[in-house]
Structures are given as structure tokens and as C-alpha cells.
Amino acid sequence: CGQKCASDSHSCSICWRLLNLADPDKIREYRDAEHISIDDLPDEENLADVLFNLPDYAEELIEGILRQGHKMLLVGPSKSGKSFSLIELCIAIAEGTKWMGRQCKQGDVLYVNFELDRASCLHRFKDVYQTLGLTPNNANRIFIWNLRGKTPALDQLVPKLIRRAEKKKYIAVV
């Protein structure tokens, strides 16, 4: 994390996961760590204060599955079709069609490609369009960021990704 961590053996991004709550000395050590006690996180809120004045839901990105601004994780074994499925999702968002039987909101989408070389990734998008029987009428809504072999550390990549997504107003990053 680049900040002074209460432990010399690992970065503070994993300190809390490794914290042994049964050890009072460790609790004091973490509580007193300067970078943990000062944060810019929102305060907790009491449910009773907001229960009858709830905020509106964010718009659905994938009908019944995912709202804008939320996160989704697609997992499966190697070669199970995860990458193809995510490319289908990008196409469904760009074209405003269904993905896995669920309507997607139409908009610009960023596909972050860590896996394939540029040519293979572009051909895969074309192949998926053809397999789906869709004309790429809105392919201009799909932006591909090819990072295979160029990926910085996660703590360096995330701020860059967020800046790009906010600047371009993508409704989804895949």
C-alpha cells in the first residue's frame, strides 16, 4: 500500500484478513496504526434513521441481475467459456439486447483484456457477433483496453481504470 503498515511481514491490504482477533496485543497494534485510524470512508448509518425514507435503486444494467455501479464476478473452471460469455455481455450492453435471457441497458462499455493478444481479442469479438447472429450496429459503443503483458500492479491499475471509466462515461467495465 505504500503506507507504514503495523506488520513488517505483509502489506496492510491483507492485515485485517490475517488479524488474530483473539490476540489483544495485535488488536492494540492495529487500532493504533496511524494509517488505519485516519480514513476517508463514510460513517456507518443507523437503519432506523433511514428505513422509511430509502434511496432509489440504481438503474438496472442487467435485468434482475446487476445494477449500475455494482460489481459482478463470473467464475468457472478453465475453458468453461467465461471470456466468451463476458464478450457476449459487452455486445449485449452495446447493442441493448439480452444476455443469458436478461435485457441489458444500452450504453458504452469498456472491455479490459488481460488474456488475449490484440488480434485474437478483436477476432473473438467479431466471431461472437457472428455466432449470435447480430449485426454490429453499435460496435462503436465497445471500447477494448488491451493490457496483456502490460499490466501494472493492481494498486496502480485501479486508479487509472477508474479515471478512464469516469472520463468516458462507460456504463460498464468488463
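Presented here is a report on the structure given in the accompanying data block.

Thresholds, definitions, all that
- For every chain, the first residue of the written sequence is number 1, and numbering continues from 1 onward in sequence order.
- Reporting in this predicted model follows two pLDDT cut-offs: at least 70 for local features of residues, and 80 or more for side-chain atom pairs to be given and counted; totals over whole chains, interfaces and linings ignore these cut-offs and use all residues.
- Water and hydrogen atoms play no part in the side-chain values, which are based on all heavy atoms of the structure.
- Two rings from Phe, Tyr or Trp (for Trp, the six-membered ring) form a pair when their centres sit within 6.5 Å of each other. Planes less than 30 degrees apart are called stacked, planes more than 60 degrees apart edge-to-face, and all others tilted.
- Helix and strand labels come from DSSP, where a helix needs a run of H or I of at least four residues and a strand needs a run of E of at least two; each type is numbered from the N terminus.
- Working definition: with a 1.4 Å probe on protein chains only, accessible area under 20% of the residue-type maximum means buried, over 50% means exposed, and in between means partly exposed.
- Whether a charge lies above a ring is judged from NZ of Lys or CZ of Arg, which has to be within 6 Å of the ring centre and within 35 degrees of the ring normal.
- In this description, strands pair whenever DSSP reports at least two bridges between them.
- By convention, orient the strands away from the viewer: a clockwise path from the first strand over the helix to the second makes the crossover right-handed.

Remarks on the packing of aromatic side chains
For the coordinates displayed, the defined rule picks out two aromatic pairs. Ring centres of Y111 and F125 lie 5.2 Å apart, and the angle between their planes is 80°; this geometry places the pair in the edge-to-face category. Of this pair, Y111 sits in strand β5 (residues 109-113) while F125 sits in helix α6 (residues 118-132), and the two are 14 residues apart along the sequence. F125 carries the same exposure label as Y111, and that label is buried. Seen from the ring of Y57, R67 lies directly overhead, with NZ or CZ sitting 4.2 Å from the centre. Lying across the ring of F84, R124 places its NZ or CZ 4.2 Å from the centre.

Some details on the pairing of strand β6 (residues 142-146)
In this sheet, β6 lies alongside β5 in parallel orientation, the contact comprising five bridges. In the sheet register, V109 faces β6, and the bridge partner there is I142. The handedness of the β5 to β6 crossover, carried by α6, is right-handed.

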